[in-house]
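Notes for the structure review
The lines below spell out each chain.
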Amino acid sequence: MTYKHWRLTRDDDGLAWLDFDTADSATNTLSRDALSEFDHVLSALTSPAPKGLIIRSAKSAGFIAGANIEEFTRIDSAESARELVKRGWDIFNRLAKVPYPTLALIRGHCMGGGLELSLACRYRIAVDEPGTRMALPEVMLGIVPAWGGMMRLPKTVGPAVALDMMLTGKGMDARRAKKIGLVDAAVPVRVMDNAARMMVTSGAPAHKLPGLQQLMNGPLKPLVAAKARKQVAAKARPEHYPAPYAIIDTWAKYDGNALAVPAGDPASLEAIFQSPTAKNLVRVFFLQERLKSFGKASDFAPAHVHVVGAGVMGGDIAAWCALRGMRVTLQDQSVERIAPAIARARKLYEKKHRGDRKQVQFTLDRLLPDPDGHGVARADVIIEAIFEDLEVKRRLFAEIEQRAKPEALLATNTSSLKIEDIAQALKDPTRLVGIHFFNPVAMLPLVEVVDGEQSSDAQVQRAAAFVRKIDKLPLPVKSAPGFLVNAVLGPYMHEALKCVDEGMAPEAIDKALVEFGMPMGPIELVDTVGLDIAVAAGKTLAGNNAEPPRALMQRVDAGKLGRKSGEGFYVWKDGKAQKNDSVEAAAVAPRIIEPLLQAARRCVENAVVADADLADAGVIFGTGFAPFRGGPMHYLGQRDNTVVLPA
Ligand code: NAI
């Protein structure tokens, strides 16, 4: 029997090897089709039964990426949601019950449904290499791991670790998976097939939980669940994000069987799939995929980045590029000005490499202080992030152009100057593009790629390709004041500051917007970006004539610039705004959000971004705008009921 997505072979030792190879795709996904074929495979293995079954991937791209998310978008009723869940639940239960030993040989990513398939096997082996990652990320899509994950993961690694994985969606590598008992072994790639063969025929009992963990998975469940609920409540509100609560309840009350939760229960599949959150988060997933696709047309393969300006932005951009594998030279007016950036980079690497000193050192070795700018002549990408001063930037670029490789990409990180004005200093102005990062660089995934009037399409493509290489999300924008992100944030922060002028407490304003779903309130955001920067941004966006908020100007005049000076609207201690938590939220969220929505609409109308979806993607990934609301344009459409039908 031949299958479209699977290849089944039996070897001389009586073992069956099942290779997953999703047709017409670079990655393996458990579509309806692939699952139904898998069911046929299990039927084919009943007579004669093999001595053991080893499931692995035939793709170089990884093991299994998960369910086919495209299929989620077609769920239009509670019945179709149940049907989709039942499909995977039943087949993996069947896999778990076969009379012969089974083993998942995991190499590369093993996500969601892929990990649930592995958990239904008796043994799991993970290949110990950087690409191997295991996770149940369903919660990020607003859904629950209902193909057996909620039942089997807690029984495999214990409920505390399992809930943490399921509630955060965070992944882990082969070594950590071995440590927590998610896999039975982590092996180097050259021995993987042999290791799989030996383990599947070993007759060893399946991995069992230690006694205390069994208690936590049994009589102590209510305690564990209560603790998890409390942790979730600190981060996500049930009316915004029902899925994490449903995961806890389904595990605690229904042994992880989502099909057993009665309709009407807030943890039921009906509730999950009918809430707009799941739909919107799936939408956000596809928006992200779209951003990831930018720059694919270019074969630009930069290896060396030169950054000029080692301040707040340049220093962090350089650090990030080195973390992502680039060789980086970092230039400023003196070594003394570069040193703080290197110190910040070390801190970042210690966090990212979890204190692995060797890795930290390797990464630091790729980041070279370069006060004399020797790197200019060798770099593939040159990013300027010096003071916001047109004349100085022009002089710098005129000098850079003379020394740079002819094919090097030239980019400015300017927030408020016109790229066209800077480009005038170049002999070949088509070379210059904007690559606009956000502060803090390590936290915000979006980077705006600015297409100046003079920029060539090829350079814009190369800029997007570079942004992907350093694992950020490129958003192509036209050169216009504030591009997209600052153009929507400006009027939003302005409205919030007007509320302060009217006498409202910053806490009351911030609380209202956090309740709306923003990651941080607008006043705290002003404090974080710096009050001086907010004033400058206000001028470029609104023109010099607009009345600046009084509360803002008074503080700037008094030298209170926000977080960086220790005080702005809040007093800052240890990087935290000191807030009075007892202040009630003011009913101002609609008022303050409105200017943001209208600014996003204007950006679409003025073609700053190519379409409404890209405005949504940019605002979500550049500002953290409440993802469960699907983006400002989507929210506007839903609210005003002017839903645009797809063509
Ligand atoms: P900053 O003031 O922290 O750093 C600027 C650095 O450039 C200083 O270390 C300075 O010594 C150096 N510098 C000035 N002239 C130089 C020259 N001719 N050669 C070498 N180094 C020189 O400034 P920040 O905030 O990092 O901003 C830099 C650029 O990034 C600006 O264009 C700004 O618009 C843009 N930007 C700033 C954001 C922010 O949140 N601060 C966000 C996004 C973009």
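Residues numbered from 1 in each chain as written. Predicted model: local features only at pLDDT ≥ 70, side-chain atom pairs only at ≥ 80, totals over all residues. Heavy atoms only, no water.

What follows covers the packing of helix α26 (residues 612-623) against helix α27 (residues 632-639). Following both chains from N to C, one finds α26 and α27 inclined at 120 degrees, their axes separated by 7 Å at the closest point. In terms of axis orientation, α26 runs oblique to α27. From α26, Ala612, Ala615, Asp616 and Val619 reach across to α27, where they touch Pro632, Met633 and His634. For the contact of α26 with α27, the per-class residue count stands at 5 nonpolar, 1 polar and 1 charged. (Axes fitted to C-alpha atoms, helices over the stretch in contact; angles between N-to-C directions. Helix = DSSP H or I, 4+ residues; strand = E, 2+ residues; numbered from the N terminus. Parallel < 35°, antiparallel > 145°, perpendicular 65-115°, else oblique. Contact = heavy atoms within 4.5 Å. Nonpolar A, V, L, I, M, F, W, Y, C, P; charged D, E, K, R; others polar.)

Let's shift gears to the pairing of strand β1 (residues 6-10). A regular strand places its side chains so that they alternate between the two faces of the sheet. For β1 and strand β2 (residues 15-20), the ladder comprises 5 bridges, and the chain directions are antiparallel. Counterpart to Trp6 in the pairing with β2 is Phe20. Where β1 hands over to β2, the hairpin turn is made up of 4 residues, of which Gly14 adopts a positive phi near 85 degrees. (Pairing = 2+ DSSP bridges.)

Turning our eyes to something else, we now look at the nonpolar core. Judged by nonpolar contacts, the single largest core of 81 residues is most densely connected at Ile400, Leu484, Tyr492, Leu513, Phe516, Phe569 and Ile593. Take this core: its biggest share by element is 10 residues, from helix α20 (residues 485-501). Both domain 2 (304-479) and domain 3 (481-647) contribute no fewer than three residues apiece to this core. Beyond its immediate sequence surroundings of up to four residues, Tyr492 is in contact with Leu513, Met518, Met520, Pro522, Ile592, Ile593, Pro595 and Leu596. Judged by nonpolar contacts, the second largest core, of 78 residues, contains Cys121, Ile143, Met150 and Ala177. (Core = buried A, V, L, I, M, F, W, Y, C linked by side-chain atoms within 4.5 Å. Buried < 20%, exposed > 50% of the residue type's maximum accessible area, 1.4 Å probe, protein only. Domains from an automatic or database assignment.)

Here we come to the domain arrangement of the chain. By domain assignment, the chain separates into domain 1 (6-226), domain 2 (304-479) and domain 3 (481-647). Just the C-alpha atoms count here: the centres of domain 2 and domain 3 sit 26 Å apart. The partner domain 3 presents 13 residues to the 16 residues of domain 2 that form the contact. Interface area for domain 2 against domain 3, summed over the two sides, is near 1300 Å², with a carbon-plus-sulfur share of 69%. The largest share of the area that domain 2 buries against domain 3 comes from Leu446, Leu475 and Lys478, three residues that together contribute 30% of it. Scanning the region where domain 2 abuts domain 3 turns up 0 salt bridges. (Buried area = accessible area lost by both parts, 1.4 Å probe. Salt bridge = Lys/Arg side-chain N within 4 Å of Asp/Glu carboxyl O.)

This paragraph deals with the sheet that holds strand β18 (residues 446-451). With respect to topology, 8 strands assemble into an open sheet ordered β14-β13-β12-β15-β16-β17-β18-β19, the strand pairing being mixed. Each of the sheet's edge strands pairs with one partner strand only, and the pair in question is β14 (367-369) and β19 (473-478). Pairwise comparison of adjacent strand axes, ignoring direction, gives a mean angle of 25 degrees for this sheet. Sheet topology note: the strand β15 (residues 381-384)/strand β16 (residues 409-412) ladder contains 4 bridges and is parallel. Looking at β16, one finds that Val381 is bridged to Leu409. Against the sheet, helix α13 (residues 276-293) makes contact with β18 and β19, and its axis sits at roughly 75 degrees relative to β19, the strand it touches most. Packed on one face of the sheet, helix α14 (residues 312-323) meets β12 (304-308), β13 (327-331), β14 and β15 and runs near 165 degrees to β13.

What follows covers the site of the ligand. Taken together, the neighbourhood of the ligand is formed by 21 residues, with Met313, Asp332, Arg337, Glu388 and Lys393 sitting nearest. Separating an oxygen atom of the ligand from a side-chain N or O atom of Asp332 is a distance of 2.6 Å. Between an oxygen atom of the ligand and a side-chain N or O atom of Arg337, the distance comes to 2.8 Å. Computed on the free molecule, the ligand has an accessible area of 840 Å², of which 83% lies beneath the protein chains in the complex. Those elements that provide at least two residues to the shell around the ligand are α14 and α17 (390-403). Looking at side-chain class alone, the shell around the ligand contains 9 nonpolar, 8 polar and 4 charged residues. (Near = heavy atom within 4 Å. Polar contact = N/O pair within 3.5 Å; in protein donor to acceptor, adjacent residues only side chain to side chain. Areas by Shrake-Rupley, 256 points an atom, 1.4 Å probe, with all protein chains shown as cover.)

Take the sheet that holds strand β9 (residues 123-127) next. Ordered in space as β1-β2-β4-β7-β9-β11, the 6 strands form an open sheet in which the pairing is mixed. The open sheet terminates on both sides in strands that have one partner only, identified here as β1 and β11 (185-187). In this sheet, neighbouring strand axes are inclined to one another by 20 degrees on average, regardless of whether the strands run parallel or antiparallel.

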